[in-house]
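Each chain is listed here by its residues.
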Amino acid sequence: MNSIGFHEGELRIQRRAGVEHEAARLEGMLRPPRLTGGAAAFLAQRDLAVLTARDRAGRLWTSPLLGAPGFLEGRENALRVHSSPTEGDPLQALPPDQEVGLLTIDFAIRRRFRVNGTLSRADHHGLLIDVEQAFGNCPSYIQQRATRPSPGAARVEASAGVAPWTGAFTPQQAEVIAGADTFFLGTTHPARGVDTSHKGGFPGFVRTDGPDLWWPDYAGNNMFNSMGNIAVDPTTALLFIDFADGAALHLSGTAELEWATPGAPGDDDGTGRRVRFHPECAGTTRLALTSDRDVTYSPHNPALHQ
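These numbers were taken from a predicted model, which means no experiment stands behind them.

Conventions adopted
Residues numbered from 1 in each chain as written. Predicted model: local features only at pLDDT ≥ 70, side-chain atom pairs only at ≥ 80, totals over all residues. Heavy atoms only, no water. Helix = DSSP H or I, 4+ residues; strand = E, 2+ residues; numbered from the N terminus. Rg over C-alpha atoms; globule rule 2.2 N^0.38 Å. Buried < 20%, exposed > 50% of the residue type's maximum accessible area, 1.4 Å probe, protein only. Contact = heavy atoms within 4.5 Å. Arc of directions from axis to C-beta. Phe/Tyr/Trp six-rings, centres within 6.5 Å; stacked < 30°, edge-to-face > 60°. Pairing = 2+ DSSP bridges. Axes fitted to C-alpha atoms, helices over the stretch in contact; angles between N-to-C directions. pLDDT = per-residue confidence, 0-100. Core = buried A, V, L, I, M, F, W, Y, C linked by side-chain atoms within 4.5 Å.

Trainee: Give me the lowdown on the overall build of the protein chain, citing residues and values where you can.
Mentor: Counting its regular elements, the protein chain contains five helices and 17 strands. Relative to the compact-globule value of 19 Å for 306 residues, the protein chain shows a C-alpha radius of gyration of 18 Å, a close match. The principal-axis extents of the C-alpha atoms in the protein chain amount to approximately 50 × 45 × 35 Å. Among the 306 residues that make up the protein chain, the fraction classed as buried is 55%. Across the protein chain, contacts joining residues at least 24 apart in sequence account for 73% of those joining residues at least 6 apart.

Trainee: Please set out helix α3 (residues 37-44) residue by residue, giving values where relevant.
Mentor: Side chains of residues three or four places apart in an α-helix project in the same direction, reflecting 3.6 residues per turn. Within the span of α3, buried status applies to Ala39, Ala40, Phe42 and Leu43. Here the buried residues of α3 occupy an arc of 160 degrees about the axis, which is enough to place them on one side.

Trainee: Can you lay out unusual backbone geometry for me, pointing to particular residues and giving the numbers?
Mentor: Within the chain, Arg110 stands out as a residue other than glycine whose phi angle is a positive 55 degrees. Topologically, Arg110 is positioned in the loop between β5 (98-106) and β6 (111-123). We note that Phe224 has phi near 55 degrees; this positive angle belongs to a residue other than glycine. Its place among the elements puts Phe224 in the loop between β13 (212-216) and α5 (225-232). Classification of Phe224 by relative accessible area gives buried; the value is 10%.

Trainee: Give me the lowdown on helix α4 (residues 171-178), citing residues and values where you can.
Mentor: Of all the residues in α4, the buried ones are Gln173, Ala174 and Ile177. Down the axis of α4, the buried set is contained in an arc of 105 degrees. They therefore lie on one face. Of the exposed residues in α4, those oriented more than 90 degrees away from the buried face are Pro171, Gln172 and Glu175. Those residues of α4 that are buried lie in contact with β12 (207-209), β13, β14 (235-242), β15 (247-259) and β16 (273-287).

Trainee: Report on the packing of aromatic side chains, specifying residues and quantitative values.
Mentor: Counted according to the given criterion, the structure contains eight aromatic pairs. Judged by centre distance (5.4 Å) and plane angle (75 degrees), the rings of Trp61 and Trp165 are edge-to-face. Linking Trp61 in strand β2 (residues 60-66) with Trp165 in the loop between β9 (156-157) and α4, this pair joins segments that are 104 residues apart in sequence. Given a relative accessible area of 4%, Trp61 falls into the buried group. Residue classification places Trp165 among the partly exposed positions, given a relative accessible area of 38%. Measuring from centroid to centroid gives 5.9 Å for Phe183 and Phe205, while their planes differ by 25 degrees, and the two rings are stacked. Of this pair, Phe183 sits in strand β10 (residues 182-189) while Phe205 is found in the loop between β11 (193-200) and β12, placing the two residues 22 residues apart along the sequence. Residue class for Phe205 comes out buried when judged on its relative accessible area of 1%.

Trainee: Just give me the short version of the sheet that holds β6, but keep the residues and values in it.
Mentor: Taken in spatial order, the seven strands line up as β2-β1-β5-β6-β7-β4-β3 in an open sheet, and their pairing is antiparallel. The open sheet has two edge strands with one neighbour each: β2 and β3 (72-75). Put simply, the sheet's adjacent strands are angled 30 degrees from each other on average, direction ignored. In this structure, strand β1 (residues 48-54) lies alongside β2, joined through seven bridges in antiparallel fashion. Opposite Leu48, over in β2, you have Leu66 as the bridge partner.

Trainee: Could you give me a rundown of the pairing of β5, with the residues and numbers involved?
Mentor: The buried count for β5 comes to eight of nine residues, which makes it a mostly enclosed element. As defined by bridge partners, β1 adjoins β5 across four bridges and the pair is classed as antiparallel. Bridge pairing in β5 links Val50 to Leu103. With nine bridges joining them, β5 and β6 adopt antiparallel strand pairing. The partner of Leu102 across the bridge, within β6, is Val115. Hairpin connection between β5 and β6: a loop of four residues separates the two successive antiparallel strands, and Arg110 in this loop has a positive phi of roughly 55 degrees.

Trainee: Account for the confidence of the model for the protein chain, naming residues and giving values.
Mentor: Averaged over the protein chain, the pLDDT score is 91; the fraction of residues at 70 or greater is 93%. This model gives residues 152-162 a pLDDT under 50, and the stretch forms 23 contacts once residues within four places in sequence are excluded.

Trainee: Mind laying out the nonpolar core, listing which residues take part and the relevant values?
Mentor: It is characteristic of soluble globular proteins that their nonpolar side chains tend to be buried jointly. Counting 26 residues, the largest nonpolar core has Leu213, Trp215, Leu238, Phe240 and Leu251 as the members making the most contacts within it. The set of elements that each furnish at least two residues to this core consists of α4, β10, β13, α5, β14, β15 and β16. With near-sequence residues (within four places) excluded, Phe240 lies in contact with Val176, Ile177, Ala180, Thr182, Phe183, Val206, Ala247, Ala248, Leu249 and Leu251. Formed by 25 residues, the second largest nonpolar core is a distinct cluster that contains Ala49, Leu91, Ile129 and Val131.

Here is the structure:
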């Protein structure tokens with residue numbers, strides 16, 4: 001992985017959006033990291049992470065990882081993950097020697113941190129990631145809620161009665177998408193590797209459209225890591241978590257960028273940008289996670305523009 005500076009896809013989107021000068025001020029965030037100090041402490045306090053990687057068939061997926069605080073252990077240029085995708089998860093027994101992207105998030109304090117690099121080990125001890133990029137993001141669009149692993153079951157579980165793996169989402173899964181205020185987006189680039197990002201908004205900000213789904217792009221840090229990846233490589237994975245019952249909806253497929261007149265229907269934030277996702281494989285697992293019903297929506301969420 002070559003992590004120095006923005007790649008061609010990110011630069012292309014920045015220029016078209018007219019924010020290349022603003023983005024340039026953040027380019028230093030992409031320098032090789034050290035997971036020490038505050039970064040290591042934040043990682044060590046988390047009990048939830050989201051990983052994007054490829055399964056043994058080469059398909060890209062985004063999956064949750066759970067563990068007691070301390071299961072994410074940052075040391076200099078390495079991240080040890082004392083957990084791994086388990087039975088029923090599409091990334092179960094994922095192969096090492098591949099590029100991966102991990103994001104960990106604290107919904108309660110609206111803070112998130114991304115770690116990208118190479119998975120050098122994956123075994124019964126967990127995962128070892130050689131880190132190439134690590135940086136935090138702003139709190140925008142993170143809904144404030146309390147989450148915690150279910151007692152005695154800090155893992156992803158296959159569950160009787162969950163939806164089978166199909167080539168498209170089912171009507172029940174479409175309801176999860178329509179009611180979601182949060183999802184996780186996995187993308188990839190041939191030279192820069194894999195990335196996981198967080199997306200949030202008011203319920204309904206992700207729209208279904210026949211066999212596809214799409215969401216408007218909201219103003220952010222102007223780096224366009226995810227959109228820049230999609231501009232070069234359409235391979236994409238999504239993860240929706242139903243915090244009410246712990247269902248985790250996994251989608252794998254391709255995505256494309258769409259540009260529209262700012263303020264058009266569905267352009268909630270007036271950016272004139274949106275992403276359309278074409279699912280190729282979908283399925284639901286059961287996440288051993290509990291959440292309080294109280295949710296405080298981000299003050300940055302734009303109103304839905306129907």
